Amino acid sequence: MSKKKTVGKCALCKKKNIELRNSHIVPRLVYQRIKSHPNTRFRNIFSIKDIYQDGEKKPMLCAECEKFFNNYETTYANKILDSQNKIKKIDYDTNQYIFSLNWRVLYDDLYVLNSLEKMNDTIKETFISYEKILNTYLNNLKNNQVPIITKEIKNFVFFFEDLNIPQELIQQCSSNVCGYSFVTKEYDKFIIITMYLGMAICTVYTPKNLLIINPNKTLKEIIFKKSIKKTIEEEVNYTTRRVIQQQSKNLKEMKETGLYEKIKDRYRDK
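Our subject in this report is the structure included herewith. (Residues numbered from 1 in each chain as written. Predicted model: local features only at pLDDT ≥ 70, side-chain atom pairs only at ≥ 80, totals over all residues. Heavy atoms only, no water.)

1. Describing the nonpolar core
Inference 1: Grouped together as the largest cluster of nonpolar side chains are 48 residues, with contacts concentrated most on Leu12, Trp103, Phe127, Tyr130 and Tyr196.
Inference 2: For this core, the secondary-structure elements that each account for two or more residues are helix H1 (28–34), strand S5 (57–61), helix H2 (63–81), helix H3 (92–112), helix H4 (121–142), strand S6 (153–159), strand S8 (190–196) and strand S9 (199–205).
Inference 3: The contact partners of Leu12, leaving out residues within four places of it in the chain, are Leu61, Cys65, Phe68, Phe69, Trp103, Asn135, Leu138, Asn139 and Lys142.
Inference 4: Phe158, Leu169, Cys202 and Val236 belong to the second-largest nonpolar core, a separate cluster that totals 19 residues. (Core = buried A, V, L, I, M, F, W, Y, C linked by side-chain atoms within 4.5 Å. Buried < 20%, exposed > 50% of the residue type's maximum accessible area, 1.4 Å probe, protein only. Helix = DSSP H or I, 4+ residues; strand = E, 2+ residues; numbered from the N terminus. Contact = heavy atoms within 4.5 Å.)

The structure is reproduced here in structure tokens:
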């Protein structure tokens, strides 16, 4: 039986009444590199009954936009994931990959999961503006127009091993994948963060009206980067601990329901 087609509006190009692909939020290539067994299943960390063959997918993009994103994903995989090199400086292709990745995370938060619904109106409106800026940038890039991104938005990549994070947390969360949006407690930075394979990939929006003007641009940039690193360090610590707590809760539920034994039987060497 053929899969049911989903027809709707593409989240990126906004074309209506078009067939939507079952798009990955975090690209499939990431999950491919996490798999250590051909029959690996990825489970929703907050709902263990939800199983994904190769990561979470949702009807989001048309075929044309999906293909556009795939170009940057492949380049990124060859440069970073397969070479196992640390990102010392974010080059052009990696920058575009990060924008495409984190735009999907933010769009999902805003319009699919509605996870930002309970935030106050000012914060939510800022995230909506944030998504529109990224959307316009990606569409211009796709349509071979000059893509211009405001200086208020920057990408960063942090490796867990370079952050002050307990080694046991890094080891236990090495195969977890997650992405979400949040605002700092000072309400000065709006951050989209995606974590996988020991990396925190971040897109940071610092609206101009929230910045303190500093005439020394070099000093300002150094202070900004340091504060971002500290913010991400705290966030990764919080999230990895929360994931481990959830995993412990899931393990208990799996044992109580018999799911744990079924999984053991599946992977037991025969």
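Still to come is the rest of the account.
2. Re H4
Inference 1: For H4, which comprises 22 residues, the first-to-last C-alpha distance of 31 Å matches the rise-based estimate of 32 Å (1.5 Å per residue) to within 8%.
Inference 2: A side-chain oxygen of the first residue of H4 lies 3.1 Å from the backbone nitrogen of Thr122; this N-cap is Asn120. (Expected span 1.5 Å × (residues − 1). Polar contact = N/O pair within 3.5 Å; in protein donor to acceptor, adjacent residues only side chain to side chain.)

3. Section: the side chain of Gln96
Inference 1: Looking at where Gln96 falls in the secondary structure, it is placed in helix H3.
Inference 2: Look past the residues within four positions of Gln96 in its chain and what remains in contact with it is Tyr72, Tyr137 and Leu141.

4. A look at the sheet that holds strand S2 (residues 18–24)
Inference 1: On the basis of which strands lie adjacent, the open sheet formed by three strands has the order S1-S2-S5 and antiparallel pairing. The open sheet terminates on both sides in strands that have one partner only, identified here as strand S1 (6–8) and S5. Here the strands of the sheet are splayed against their neighbours by 55 degrees on average, with no regard to which way each runs.
Inference 2: Alignment of S2 against S5, held across four bridges, turns out to be antiparallel. (Pairing = 2+ DSSP bridges. Axes fitted to C-alpha atoms, helices over the stretch in contact; angles between N-to-C directions.)

5. Digging into the pairing of S2
Inference 1: Pairing between S1 and S2: three bridges, direction antiparallel. Within the sheet, the bridge partner assigned to Thr6 lies in S2 and is Leu20.

6. Considerations on a nonpolar patch on the surface
Inference 1: Judged by side-chain polarity, Tyr111, Val112 and Leu113 come together as a nonpolar surface patch covering roughly 260 Å² of accessible area.
Inference 2: Mapped onto the elements, Leu113 comes out in the loop between H3 and H4. (Patch = residues over 30% accessible without salt bridge, like charges linked within 9 Å, V, L, I, M, F, W, Y side chains within 5 Å. Areas by Shrake-Rupley, 256 points an atom, 1.4 Å probe, with all protein chains shown as cover. Salt bridge = Lys/Arg side-chain N within 4 Å of Asp/Glu carboxyl O.)

7. Topic: the pairing of S6
Inference 1: Counting buried positions along S6 yields six of seven residues, so the element is predominantly enclosed.
Inference 2: Pairing between S6 and S9: seven bridges, direction antiparallel. The partner of Phe158 across the bridge, within S9, is Ala200.

8. Here's the deal with the pattern of salt bridges
Inference 1: All chains considered together, the criterion is met by seven salt bridges.
Inference 2: Taking the shortest distance from any N to any O, the salt bridge between Glu64 and Lys15 comes out at 3.3 Å. Linking Glu64 in helix H2 with Lys15 in the loop between S1 and S2, this pair joins segments that are 49 residues apart in sequence.
Inference 3: In this structure, Asp108 engages Lys58 in a salt bridge whose closest nitrogen and oxygen atoms are separated by 2.8 Å. Here Asp108, found in helix H3, pairs with Lys58, found in strand S5; they are 50 residues apart in sequence, far enough to count as distant.

9. Some remarks on the state of the cysteines
Two cysteines whose sulfur atoms are joined by a covalent bond form what is called a disulfide.
Inference 1: Throughout the structure, instances matching the rule amount to zero disulfides.
Inference 2: Sulfur of Cys10: no disulfide; nearest cysteine sulfur belongs to Cys13 and is 3.6 Å away.
Inference 3: Residue Cys10 is classed as buried on the basis of its relative accessible area, which comes to 1%.
Inference 4: Counting only cysteine sulfurs, Cys65 is the nearest neighbor of Cys62, a cysteine outside any disulfide, at a range of 3.7 Å.
Inference 5: Judged by relative accessible area, Cys62 falls into the buried class, the value being 2%. (Disulfide = S-S within 2.5 Å.)

10. A few points about the sheet that holds strand S7 (residues 178–183)
Backbone hydrogen bonds hold the strands of a sheet together, and the pairing may be parallel or antiparallel.
Inference 1: Pairing within the open sheet is antiparallel, and its four strands lie in the order S6-S9-S8-S7. In this open sheet, the two strands that pair with only one neighbour each are S6 and S7. The sheet shows a mean angle of 15 degrees between the axes of neighbouring strands, direction not considered.
Inference 2: By the bridge criterion, six bridges tie S7 to S8 in an arrangement that is antiparallel. Pairing of Phe182 across the sheet is with Ile191, part of S8.
Inference 3: The sheet contacts of H3 involve S6, S7, S8 and S9, and relative to S8 the element is tilted by about 105 degrees.
Inference 4: H4 contacts S6, S7, S8 and S9 of the sheet and is inclined by roughly 65 degrees relative to S8.

11. Observations concerning H3
Inference 1: If you check H3, its first and last C-alpha atoms are 29 Å apart, about what 21 residues at 1.5 Å a residue would give, namely 30 Å.
Inference 2: Counting buried positions over the 21 residues of H3 gives 16, a clear majority of the element.
Inference 3: Among the residues trailing H3, Asn114 stands out with phi positive, at a value near 55 degrees.

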